[in-house]
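Notes for the structure review
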Amino acid sequence: MADALRIGIAGLGTVGASLVRILQTRGNALAVACGRPIRVVAVSARNRDKDRGIDLAGVTWFDDPSELARSADIDVFVELVGGAEGAADASVRAALTRGLHVVTANKALLAKHGVELARMAEDKGLLLNYEAAVAGGIPVIKTLRESLTGNGFSRVYGIMNGTCNYILTRMEKEGLSFEACLKEAQRLGYAEADPTFDIEGNDTAHKLAILTTLAFGSEIAADAIYLEGISNISIEDIHAAADLGYRIKLLGVAQRTETGIEQRVHPTMVPLDSVIAQVDGVTNAVALESDILGELLMVGPGAGGNATASAVLGDITDIAKSRPGAQQVPVLGRPAHLLEPYRQAAMQSHEGGYFIRLTVQDRTGVFASIATNMAENGISLESIVQHSKQPVGKDAPQTIILVTHATMESAVRTAVSAIKGEGYLVGEPQVIRIERPKTA
Ligand code: NAP
Ligand code: HSE
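**Section: empty space enclosed by the protein**
Following the criterion strictly, the structure yields 1 cavity of 30 Å³ or more and no others. Its boundaries defined by the atoms lining it, the largest cavity holds a volume of some 60 Å³. Surrounding the largest cavity, Leu-168, Thr-169, Glu-172, Lys-173, Ile-238, Arg-247, Ile-248, Lys-249 and Asp-280 form its lining. Going through the elements one at a time, helix 7 (162–174) and strand 9 (246–257) are the ones with two or more residues in the lining of the largest cavity. Here the lining of the largest cavity takes 4 residues from helix 7, the largest share from any one element. Here the lining of the largest cavity is built from residues that sort into 3 nonpolar, 1 polar and 5 charged.

Quick look at the structure:
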């Protein structure tokens, strides 16, 4: 059997501790599968005294992940610290500079510095593997990067944040509050260190930016993503969606249009009978629509220690099996210097159906005024209903729900703004986009 692959792991939190546990308990099976043992020889985290439920006897401890990355005793650097800057960024650069293969689960880092890091890795013939960075345990990076080469993609979309899907599912199915569901997602190790990244959609945007590059061959453009999170979604919206035959999911969508690539992250109504509507809890789903294959929908565990460690482990074993000096798979699907500039399609040009919930004063003529404003902006309505579950009492505000046929984002924004100017709205209107899966 060949020499052991010596790995250094920075970050011993939810993912890092699971990874160490798996590597220690599956050692023999991994050695057989890879033709060489995989040995954790060094680690780094902030707190040496924390009980992590793992055995670190004989493993060298570094307080600074960059020092670990510079250690002469490791062959592979695994970054599980998190964050686009700071210790994660510095240590990954230190490892690549030193000539080490790198594995990371850090989508924030890749969304910000991915192209530059890919160039660094490719210039030195190194692997920079990041399967865990998108959709947890679902092997979507490998699928796009290696299995679907040659396909032309029209749309890539999915549920890519386990925390948000977990919150929306439990709110709908158990009537729990947003805050209670978020707390539980944090306890289960699904949420980011700062959970606003989850609920405000940034985490999904980081993942989408990576998928866009893999699918469309353009440079990573995370800052160009239209972003809305789920913190504004109420139980009322969830029930109204169900009444209309939809379920609300936080989707990331990248779509080729005539003017460029549209990238957006927002709460989305999907038809109740679609497969993606059935994807519950921490489970993620990624749909890839392409010209040769057609539609591929991948569904699986999207967050948590074991799901994520499974993907990290796959990346490590790929390195263990790789031949020294062999041509490496380009980090972002094509060599980084051949990525095209990102051509952004304006969100205002997005075309689709819309759900609009308006709370209005109970006055004569409101219905007609809403319909007129819609018509004046060329918006065709699929339905307009006074919602059945109304507040009681004379002059109590009423809820009106509109569903549009496919229309332009710009038209919806103009119409909603005109309605706001009419003076009968109570509170802010709620606008949720509708997305239709191609087949499933
Ligand atoms: P976590 O539980 O917060 O763990 C972070 C680890 O990094 C901790 O061990 C922490 O040390 C260590 N750390 C933080 N700052 C450090 C510093 N300056 N120097 C040394 N160590 C430092 O995070 P996680 O959930 O495992 O996530 C790790 C990475 O995986 C992130 O990039 C995350 O986005 C990604 N990811 C997570 C999941 C998931 O489900 N959790 C899924 C996919 C991808 P202490 O323990 O001593 O505080
Ligand atoms: N916080 C992320 C989520 C972890 O909830 O999906 C997985 O990337």
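**Things to note about the sheet that holds strand 4 (residues 76–79)**
Pairing within the open sheet is parallel, and its 6 strands lie in the order 3-2-1-4-5-6. Every interior strand has two partners, whereas the edge strands, strand 3 (60–62) and strand 6 (128–129), have only one. Taken together, the 3 bridges between strand 2 (residues 38–44) and strand 3 define a ladder with parallel strand orientation. Residue Ser-44 lies in a different strand from strand 3, and its bridge partner there is Phe-62. Helix 1 (residues 14–25) rests against strand 1 (5–10), strand 2 and strand 4 of the sheet, and its axis sits at about 155° to strand 1. The sheet contacts of helix 4 (residues 86–98) involve strand 4 and strand 5 (101–104), and relative to strand 4 the element is tilted by about 165°.

**Some details on the side chain of Ser-44**
One can find Ser-44 in strand 2. Among the residues examined, Ser-44 registers a relative accessible area of 1% and is labelled buried. Polar side-chain contacts of Ser-44 include one of 2.8 Å to the backbone oxygen of Phe-62. Other than its neighbours up to four places away in sequence, Ser-44 contacts Ile-9, Ala-10, Gly-11, Leu-12, Phe-62, Asp-63, Asp-64, Pro-65 and Leu-68.

**A word on the nonpolar core**
Counting 81 residues, the largest nonpolar core has Phe-77, Tyr-130, Val-134, Val-140, Leu-211 and Ile-230 as its most contacted members. Here Tyr-130 is in contact with Thr-104, Leu-110, Ile-141, Arg-145, Ile-210, Leu-214, Asp-315, Val-331 and Leu-332, once residues within four sequence places are set aside. Core analysis: the second largest hydrophobic core is formed by 33 residues, Ile-9, Ile-38, Val-76 and Ile-319 among them.

**Thoughts on the state of the cysteines**
By the definition in use, this model includes 0 disulfides. Unpaired in this structure, Cys-164 has its nearest cysteine sulfur neighbour in Cys-181, at a distance of 11 Å. Under the relative-accessibility criterion, Cys-164 is labelled buried at 1%.

**Observations concerning the packing of aromatic side chains**
All chains considered together, the criterion is met by 1 aromatic pair. Aromatic pair Tyr-166 and Tyr-190: ring centres 5.6 Å apart, planes at 75°, arrangement edge-to-face. With Tyr-166 in helix 7 and Tyr-190 in the loop between helix 8 (178–187) and helix 9 (196–199), this pair connects stretches of sequence that are 24 residues apart. Both residues of the pair, Tyr-166 and Tyr-190, count as buried.

**A look at the pattern of salt bridges**
For the coordinates displayed, the defined rule picks out 26 salt bridges. The salt bridge partner of Lys-142 is Asp-318, with a shortest N-O separation of 2.7 Å. You can see Lys-142 sitting in helix 6 (residues 140–147) and its partner Asp-318 sitting in helix 12 (residues 305–321), a full 176 residues away along the chain. Look at Lys-142 and you get partly exposed, because its relative accessible area is 31%. Here Arg-264 makes a salt bridge to Glu-262, at a shortest N to O gap of 2.6 Å. Looking at Arg-264, the relative accessible area reads 0%, which means it is buried. Residue class for Glu-262 comes out buried when judged on its relative accessible area of 4%. One network of salt bridges, with partners in common, ties together Arg-155, Glu-262, Arg-264, Glu-289 and Glu-435.

What counts, and where the lines are drawn
- Going along each chain's sequence as written, the residues are numbered from 1 onward.
- To read the labels, note that chains go from A and ligands from 1, taken in the order they are written.
- Where totals are concerned, whole chains, interfaces and linings use all residues; where local detail is concerned, this predicted model gives features only for residues with pLDDT of at least 70, and gives and counts side-chain atom pairs only at 80 or more.
- Side-chain metrics rest on all non-hydrogen atoms present in the structure, leaving aside hydrogens and water.
- Grid spacing is 1 Å over the protein atoms alone, the probe is 1.4 Å, and a cavity is where that probe fits but cannot get out, while a pocket is an open set with protein on both sides within 12 Å along at least five of seven lines and lining residues have an atom within 4 Å of a point.
- Grid points are joined across faces, edges and corners, and a volume is the space filled by probe spheres set on the points.
- Think of it this way: any DSSP run of H or I at least four residues long counts as a helix, any run of E at least two long counts as a strand, and we number them from the N terminus.
- As a working rule, the residues Ala, Val, Leu, Ile, Met, Phe, Trp, Tyr, Cys and Pro are called nonpolar, Asp, Glu, Lys and Arg charged, and the rest polar, with Gly in that last group.
- Only strands joined by at least two bridges in the DSSP assignment are considered to pair.
- By definition, residues are in contact when any of their heavy atoms lie within 4.5 Å.
- For every element, the axis is a line fit to its C-alpha atoms; helices are fit only across the contacting stretch, and the angle between N-to-C directions ranges from 0 to 180 degrees.
- Each residue gets one of three labels from its accessible area relative to the maximum for its type: buried under 20%, exposed over 50%, partly exposed in between, using a 1.4 Å probe on protein chains only.
- Each polar contact in these results corresponds to two N or O atoms within 3.5 Å; when the atoms are within protein, one needs to be able to donate a hydrogen and the other to accept it, and residues that are neighboring in sequence are counted only if both atoms are side-chain atoms.
- Nine residue types can take part in a nonpolar core, namely buried Ala, Val, Leu, Ile, Met, Phe, Trp, Tyr and Cys, and a core is a set of them joined through side-chain atoms within 4.5 Å.
- A pair of cysteine sulfur atoms is labelled a disulfide when the two atoms are within 2.5 Å.
- Between rings of Phe, Tyr and Trp, where Trp is taken as its six-membered ring, a pair exists when centres lie within 6.5 Å; planes separated by under 30 degrees are stacked, by over 60 edge-to-face, and by other angles tilted.
- Salt-bridge detection follows one rule: a side-chain nitrogen of Lys or Arg within 4 Å of a carboxyl oxygen of Asp or Glu.

Remember, this is a structural readout, not a statement about activity or role.
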